[in-house]
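Below are the chains, spelled out letter by letter.
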Amino acid sequence: KWKVILKYIIPLIPHYLAQHIMASADKIMIAKYIVNAQAGIYSVVLNIAMIFDVMWSAISASLIPYTFKKLEEEKYDEIKKTSNALVIIFSILCIIIMLVAPEVMKILAPEKYYIGVYLVPALMLVSFTKVLYNLFANIEFYYKKSDKILLATLIATAVNLLLNQIFIPSFGFIAAAYTTLISYVLLIIMHYIGYKECDGKNSIYNDKFIFKILFLLMIIAGLSY
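Please read all numbers here as calculations on a predicted model, not as lab measurements.

The rules behind each value
- Residues numbered from 1 in each chain as written.
- Predicted model: local features only at pLDDT ≥ 70, side-chain atom pairs only at ≥ 80, totals over all residues.
- Heavy atoms only, no water.
- Phe/Tyr/Trp six-rings, centres within 6.5 Å; stacked < 30°, edge-to-face > 60°.
- Helix = DSSP H or I, 4+ residues; strand = E, 2+ residues; numbered from the N terminus.
- Buried < 20%, exposed > 50% of the residue type's maximum accessible area, 1.4 Å probe, protein only.
- Expected span 1.5 Å × (residues − 1).
- pLDDT = per-residue confidence, 0-100.
- Lys, Arg positive; Asp, Glu negative; His and termini not counted.
- Salt bridge = Lys/Arg side-chain N within 4 Å of Asp/Glu carboxyl O.
- Contact = heavy atoms within 4.5 Å.

Caption draft 1: The packing of aromatic side chains, seen in detail. What the rule picks out here adds up to 12 aromatic pairs. Look at F136 and F211: their rings are 6.1 Å apart centre to centre, the planes differ by 25°, and that puts the pair in the stacked class. With a gap of 75 residues between them, F136 in helix α5 (residues 120-142) and F211 in helix α8 (residues 207-224) connect regions that are remote in the sequence. Its relative accessible area of 0% is what places F136 among the buried residues. Geometrically, the ring pair formed by F167 and F171 is tilted, given 6.1 Å between the ring centres and 35° between the ring planes. Of the two residues, F167 and F171 both sit in helix α6 (residues 146-171), 4 residues apart, roughly one turn of that helix. Linked through ring pairs, F136, Y192, Y195, Y205 and F211 together constitute an aromatic cluster.

Below you can see the structure in the form of structure tokens.
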């Protein structure tokens, strides 16, 4: 039994390490290629996105055991209803934070940091993709597909580092938000593929609804500028 446990756990160690690298690479590379001041602006904007992330982390901690229990009971419709409700709630929260970002920046930072407001829409989309990542990855975790989880994280992290290397020196700290967004979109695509391989014909999530919300958020993010 312990061999089975180790086979499941060991791939998750580099997975979480890669996640940490992906989360911190932007600030480190901005400071390296541009100036520390721009890394400071980026950090302030990340604090705005942190409002969303903290709220989702609290929900996600309860969602994992709930999802596992419903999967065991084969109550897929209940998972679908819950996930749809969460996607709606957090998409609305995402929109609100996008729209009040200028006022929040004025509270959190001096005037020279206000340019960071243009990062908020992209970084809020990053936060929303984390919601989708968790939904899809939870199914992979349940079916113990840790090798697929690791592969997706390593690829997304490598893409993020490569894009940062290319675009941050030329376009500055604003590029970092978009390279991160591209990497996370790639991540949810890979996890979606992994989730569908586990899903079979159960239709655990309302996939069309989820991606329609994501597409709508992208439009709103563009308009919010």
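Additional details are given in the paragraphs that follow.
Caption draft 2: Spatial organisation of helix α7 (residues 173-199). Here α7 is 27 residues long and its end C-alpha atoms lie 39 Å apart, about the 39 Å a rise of 1.5 Å per residue gives. Just past α7, the residue G200 takes up positive phi, approximately 65°.

Caption draft 3: How the structure looks around the confidence of the model for the protein chain. Here the protein chain shows a mean pLDDT of 87. Residues at 70 or above account for 96%. Mean pLDDT across the secondary structure elements of the protein chain bottoms out at helix α1 (residues 2-9), with 63, and peaks at α8, with 94.

Caption draft 4: Summary view of the side chain of E140. You can see E140 is positioned in helix α5. Notably, E140 is buried but unbridged: the nearest opposite-charge side chain belongs to K148, and the N-O separation is 6.9 Å. What E140 contacts, discounting residues up to four positions off in sequence, is K145, K148, I149, H191, G194, Y195 and C198.

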